[in-house]
Amino acid sequence: MARTSRRWGSAGFFVLLGIVLLLFTTDAVESIDLWTWFPGLFVLLGAWSLVASRGRNLTGPVLVIVVAGAFLLRNLDYLQEGFISTYWPAVFVLLGALILLNRGRRHRSHTASATGEFTSVSIFGGDSQHVGSDDFRGGDVVAIFGGPTIDLRDATVDDKPAVLEIVSVFGGAEIRVPEDWTVKTESVNIFGGLEDSRRNPGTADEPDLVLTGVSVFGGVELTD
């Protein structure tokens, strides 16, 4: 039932989006500068993803909402023209804070030790990590013009699902998982996406791993 609700929610979002765009492109409503409001579409996308994942996907939607919201406010003259060019580094401060917040949330929802978590950061480079925990709970992967490889094939998830937060900006991440794992994707993809190259991906109703985060001109590949 939950999966059916998410499917209808996704379809309804895009149907509504298409109707709104058609109203403007066909001049059915008063003509306005569509490009002025264009960032608002990404604000809605981030908000929808946040609600659809019930707050589990936090980093991606919040980053999209903040960045797109700043451009929207600038277009509407609520922010000065040079505001974004001056304060754009604050996005990295926000990213770091969200990673810490996610780790804190995982600690509050589990009582086991912290050995089942990891953090991988690849900026203009690569990172290779092998995670073999018998109580894997999740982790954070940041790939900015980088390409990390995360090997989870020896990991075991006792308390399903583990949550892996991936932020990929002009980068790519390869995630190696056990061939029988069921993987669910809740990430926000903007000119990016996820490719599942596994031969026989799991199809259980309850996922072993949930991928959240955001991919902007980047990608994530699942292999076994």
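Whatever comes next refers back to the structure up there.
Presented here is an overview of the structure given in this document.

Criteria and thresholds
- Residues numbered from 1 in each chain as written.
- Predicted model: local features only at pLDDT ≥ 70, side-chain atom pairs only at ≥ 80, totals over all residues.
- Heavy atoms only, no water.
- Helix = DSSP H or I, 4+ residues; strand = E, 2+ residues; numbered from the N terminus.
- Buried < 20%, exposed > 50% of the residue type's maximum accessible area, 1.4 Å probe, protein only.
- Contact = heavy atoms within 4.5 Å.
- Areas by Shrake-Rupley, 256 points an atom, 1.4 Å probe, with all protein chains shown as cover.
- Pairing = 2+ DSSP bridges.

## Describing the overall build of the protein chain
Scanning the protein chain from terminus to terminus reveals five helices and eleven strands. Counting across all 224 residues of the protein chain, residues that qualify as buried make up 40%. Taking the contacts inside the protein chain whose residues are at least 6 apart along the sequence as the reference set, 68% of them involve residues at least 24 apart. Accessible area for the protein chain stands at about 12200 Å²; split by element, carbon and sulfur atoms hold 62% of it.

## Notes on the pairing of strand β11 (residues 219–223)
Of all five residues in β11, four are buried, a share of seventy percent or more. Sheet analysis places strand β6 (residues 172–176) next to β11, joined by five bridges and oriented parallel. When the bridges of β11 are listed, Ala173 appears paired with Val220. Bridge count between strand β9 (residues 193–196) and β11: four bridges; the pairing is parallel. Bridged to Asp196 within β11 is Leu222.

## Let's talk about the side chain of Ser120
Structurally, Ser120 is set in strand β1 (residues 117–123). On the accessibility criterion, Ser120 (0% relative accessible area) is buried. Leaving out residues up to four positions away in the same chain, Ser120 has contacts with Asp127, Gln129, Asp140, Val141, Val142, Pro148 and Ile150.

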